[in-house]
Structure formats: structure tokens, C-alpha cells
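The primary structure of each chain is shown beneath.
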Amino acid sequence: MAAALRAAVRSGRLAPGTRLPPYRSLAVDLGVARNTVADAYAELVAEGWLTARQGSGTRVAERVAAKPQRVPKKIPGRGATTHNLRQGQPDATSFPRAAWAAAVRRAVTAAPYDAFAPGDPQGRPELRRTLVEYLARARGVSASPDQIVVCAGFAHALRLLFGGGVLSGPLAVEPYSLPFHRGILADAGVRTIPLGLDAQGARTDQLASHPGTSSRRGAHAVLLTPAHQFPTGGPLHPARRAVAVDWARSRGGVVLEDDYDGEFRYDREPVGAVQGLDPDHVVYIGSLSKSLSPAIRLGWMVLPPHMADAVLAAKGLREAWTGVTDQLALAEFIESGHYDKHIRRMRQRYRARRNQLVATLAEHAPHIPVTGIAAGLHAVLRLPLGTEASTVEAATWMGVALDGLATFRHPDSPDPHRDGLVVGYAAPPEHRYRSALDALCRALPPPP
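Residues numbered from 1 in each chain as written. Predicted model: local features only at pLDDT ≥ 70, side-chain atom pairs only at ≥ 80, totals over all residues. Heavy atoms only, no water.

Enquirer: Report on empty space enclosed by the protein, specifying residues and quantitative values.
Expert: By rolling a water-sized probe across the atoms, one finds the places where empty space is left. Inspection of every chain in the model, using the stated rule, returns 4 cavities of 30 Å³ or more. Within this model, the largest cavity holds a volume of roughly 160 Å³. Ser177, Leu178, His181, Leu223 and Thr225 are the residues nearest the centre of the largest cavity, which is lined by 14 residues in total. Looking at which element gives the most residues to the lining of the largest cavity, the answer is helix H7 (residues 179-187), with 3 residues. (1 Å grid on protein atoms, 1.4 Å probe; cavity = no way out; pocket = protein on both sides within 12 Å on 5 of 7 lines; lining within 4 Å. Points joined across faces, edges and corners; volume = space filled by probe spheres on them. Helix = DSSP H or I, 4+ residues; strand = E, 2+ residues; numbered from the N terminus.)

Pasting the structure below:
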């Protein structure tokens, strides 16, 4: 009751000086005990909202009323995001709640007592054993449980490897990548050297001769997204894969394999991991952020045997990032077959989303090509030269959130920039996807 009266005074419905009914009368009107009303009056008098004087009753305190805050009007269409077409975001409405909850219950029920002691920084053995079998079957990864270190995702893996002193720069990289990841490397003092890029993927043939990678102070590691180059699309050509592995082997270096979108290819079976070519010179990194949910902060590194101890030393004596319950649940979720079932279901849904995007562009904007293989959660739309910035601005006015290709370009890339849009097709709700594509088409530049 005190809260209701306080809100009435605060909003101005009870103006300063208003006399309130005697608490006995109000109690009868409301059908509550008199003490309830008396206590509420006394509380508000003590707080300064009301005054009580003998002979004049209880009144709203005379005070300067707070002026209502003026909410600035939004410019129609600008800044108000209606359609989310940003890359890297899975369909949150498709999270398998019931299957995941059942996996949690089964995992916690069957867990040994030591699972609830301080966490092992390498990760629960149940999960590491399960990952060995799953990654071998689904991605062609060769490993033992001792080579796996559980982490909180790809960004956490970068921080452990470089911020923890396991690896140092310079680091050869692809010319397009997430700026967030480049920031992590920069914070760790790592200089990145961009390679070239063409239809066959990153120019790993440049590793041996690229400026800065052939000298004693050159790169001893290269970071690649072989399954689906982010964000331009396309797998790394088999010959380029072999070149990267041979380079790492000859220098005693390492290939960092970010298995970005590795589960989602729509025109054929997913390409196997590079790690299978040489487990002693490839660090394979995967996570659940695209396949299940970024809210479950779980990822894994499959390390060459000689690197595992150094990564664990960088991680510390106790697990500080990933919860044991999630690790146990994921192991159960995979072993029960529900993870494979979820991947198959989402592969069908994302394939349909991508096909709808391609068909809509063919109908309404046939002059805008869609590039990249049929994989992942996004597509790249090629734009006429000089139109990228204005198209992103037009999309913003239309309430469409997306990114221009320039956002992901390395500032020292040796290749000329190609105007384009990176369009994510996984995040919008099903009932709004058509309207999102219509708004996107209205923002595109007209035919030449």
C-alpha cells in the first residue's frame, strides 16, 4: 500500500497539499485492516512524502514536484533497429531448451562427487573424452583427451595462447577477420601480418616469402579459418592447406585453425579439419557459439602434445571461466545424440534461410551478386565500387542492422578493398524474415 501511495505522489496523481482520507475511512473503503493503512501513512510521513498535523489531517507534503523527464523523440527509421541482419548470431529461438534441460538433469544426477570440487582447468574428463570421439567423427580431428583444454570460446583461446605467453608474434593472418579478435592480439602486443586472399582462400603460398615472415623475427604461427573464410566465404583450397602445414612443420611453427562455421555447409558434407593433416603443428579451436548458443560459454582447444602444459600453466590452477555443470551437460548432450540432431535441424533451417535470401535478391536486386559458398550463417553481397558506406547508412535508416565488409578488413591488407555487405540470415524471427529481406532490398543501390 505504501508503494502505491508513493507512486501516486511521485507521478503527480496526488498533488502537493492534497488531504488524504482518515486511515479508518480508507481502511473500510479498501477492505483492509486499519493498522495496514496507519502503518503506510506513518512510513510515508517518515520518508517525507506526507505530513501529519493534529487538526489538519494527513496531506501530501508541499515540495517542489520533480519535472517529468522529456524523452527525446527518435528520428523515424534511424537508430531504431527493427531487423537484425548482423553476422555471427544463431537463431536464439531454436535453442533446444527441453533437450538441454534433460541433459543437465541426467549429467548432474550421474556426476561423481569430485565434479563439485574446485574445477580442473583442463576441463572435465567426461567432456574431453566425448569431444575426442565427436571431433574425430564429425571434423576428422585426431586427438587424445590429454590434448584437449576446455575454454570459454575462441576469444578466450586467443587470450590464453598469446596473453598467456604460450605463443608470441608476429602472427600471419587472413586479410579479413573480426576486429574484436585483432584487438585481443593487439592488447597482447602481437603484430599481425595479413596475407593475400583470392578464390582459393588465404594465400598461404605467401608464408615463406611474405615480408616479415621469412626472417628470424618473422611469424612462426598463422591463423586461418579453413572451413569457411570469415567473412568473405569459401573454403581453403586443399593445396593451400598442405602449404600451411608444410610451412609450420619446416619452421617448427603452428597453424591456428579457427573452425568457424565448420558444422554448417549446405551443398555437400562439411570439409574436414586441417588438424588431421598434422596434429603436432596445428591448434584446432572450436566452440558452441554458432552451433548451439553463445550464451553457453564453452569452447575447446585441441593442442599439439608439447603445448598442453604451457596452456594449462597460462590458465592457472583452477577453472575460472567455464562452469562444470555446462561441461557435464554438453558431454551428455553429445553422447545422447541430441547435439547431432540439433545440428541437422539447424542446417536445414539455415539452408532454407540462405536460399530465401538468394531468391529474394534474384527477384528484387538481380544486379547484386551473392558470394561465398553455401555455408555458415551469413552471406556477402557484392556492391558497386564506392557504395558500401552509403548502403550501410541507408540500411540503418530502414531499421536494418548489418555490417559493411570494410569493418572486417585488416588495415594493412595487401589486397584492394571490395565493397560489400555482410548479411547474417540466422537471427531474425521466422515471421519477420521476409520483411527484413524486403527492407534490405530497399536499401541496396539501384542498377547501374
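Enquirer: Any chance you could break down the sheet that holds strand E15 (residues 378-382) for me, citing the residues and the numbers?
Expert: Taken in spatial order, the 4 strands of this open sheet run E14-E15-E18-E17, and their pairing is antiparallel. A single partner strand is all that each edge strand has here, and the edge strands are strand E14 (370-371) and strand E17 (403-404). Both E14 and E15 contribute to a ladder of 2 bridges, which runs antiparallel. Considered in E15, the bridge of Val370 is made with Leu381. (Pairing = 2+ DSSP bridges.)

Enquirer: Which residues make up the layout of surface pockets, and what are the values?
Expert: Roughly 490 Å³ of internal volume is contained in the largest pocket. Residue lining of the largest pocket: 28 residues in total, with Phe154, His181, Ser287, Ser289 and Lys290 positioned closest to the centre. Elements with a contribution of two residues or more to the lining of the largest pocket: helix H6 (154-163), H7 and strand E12 (282-287). Counting residues per element, the lining of the largest pocket draws most heavily on E12, at 4 residues. Classifying every residue of the lining of the largest pocket by side-chain character gives 13 nonpolar, 9 polar and 6 charged. (Nonpolar A, V, L, I, M, F, W, Y, C, P; charged D, E, K, R; others polar.)

Enquirer: Could you give me a rundown of the packing of helix H11 (residues 338-364) against helix H13 (residues 433-443), with the residues and numbers involved?
Expert: Helix-helix packing: each pair is described by the crossing angle between the helix axes and the interaxial distance. Contact geometry of H11 with H13 gives a least axis separation of 10 Å together with a crossing angle of 40°. Relative to H13, H11 is oriented oblique. Classified by chirality, the crossing of H13 by H11 is right-handed. Contacts from Arg353, Gln356, Leu357, Thr360, Leu361 and His364 of H11 reach H13 at Tyr433, Arg434, Leu437, Leu440 and Cys441. (Axes fitted to C-alpha atoms, helices over the stretch in contact; angles between N-to-C directions. Parallel < 35°, antiparallel > 145°, perpendicular 65-115°, else oblique. Left-handed = near helix turned anticlockwise from the far one by under 90°. Contact = heavy atoms within 4.5 Å.)

Enquirer: Go over the pairing of strand E18 (residues 420-424) with me, naming the residues and quoting the values.
Expert: When a strand is regular, its side chains alternate between the sheet's two faces. With 5 of 5 residues buried, E18 lies mostly within the body of the structure. Residues Gly420, Val422 and Gly424 of E18 are buried on one face, and the alternating residues Leu421 and Val423, pointing to the opposite face, are buried as well. Pairing of E15 with E18 involves 5 bridges; the strand directions are antiparallel. Bridged to Val380 within E18 is Val422. (Buried < 20%, exposed > 50% of the residue type's maximum accessible area, 1.4 Å probe, protein only.)

Enquirer: Tell me about H13, and please be specific about residues and values.
Expert: Taken together, the buried positions of H13 are occupied by Tyr433, Ala436, Leu437, Ala439, Leu440, Cys441 and Ala443. The elements touched by buried residues of H13 are strand E4 (83-84), H11, E15, helix H12 (388-397), strand E16 (400-401) and E18.

Enquirer: I'd love a proper account of the sheet that holds strand E5 (residues 148-151), names of residues and values included.
Expert: The strand order across the open sheet built from 7 strands is E5-E13-E12-E11-E10-E6-E7, with neighbouring strands paired in mixed fashion. Every other strand in the sheet has two partners, leaving E5 and strand E7 (192-194) as the edge strands with one partner each. Neighbouring strand axes in the sheet, compared pairwise and without regard to direction, differ in orientation by 20° on average.

Enquirer: Any details on the packing of H6 against H7? Residues and values, ideally.
Expert: The N-to-C vectors of H6 and H7 enclose an angle of 20°; their axes lie 10 Å apart at closest approach. If you check the angle between H6 and H7, you find them roughly parallel. The handedness of the crossing between H6 and H7 comes out as right-handed. Residues Phe154, Ala155, Leu158, Arg159 and Phe162 of H6 form the contact with H7, whose participating residues are Phe180, His181, Ile184 and Leu185. Residues that form the contact of H6 with H7 fall into these classes: 7 nonpolar, 1 polar and 1 charged.

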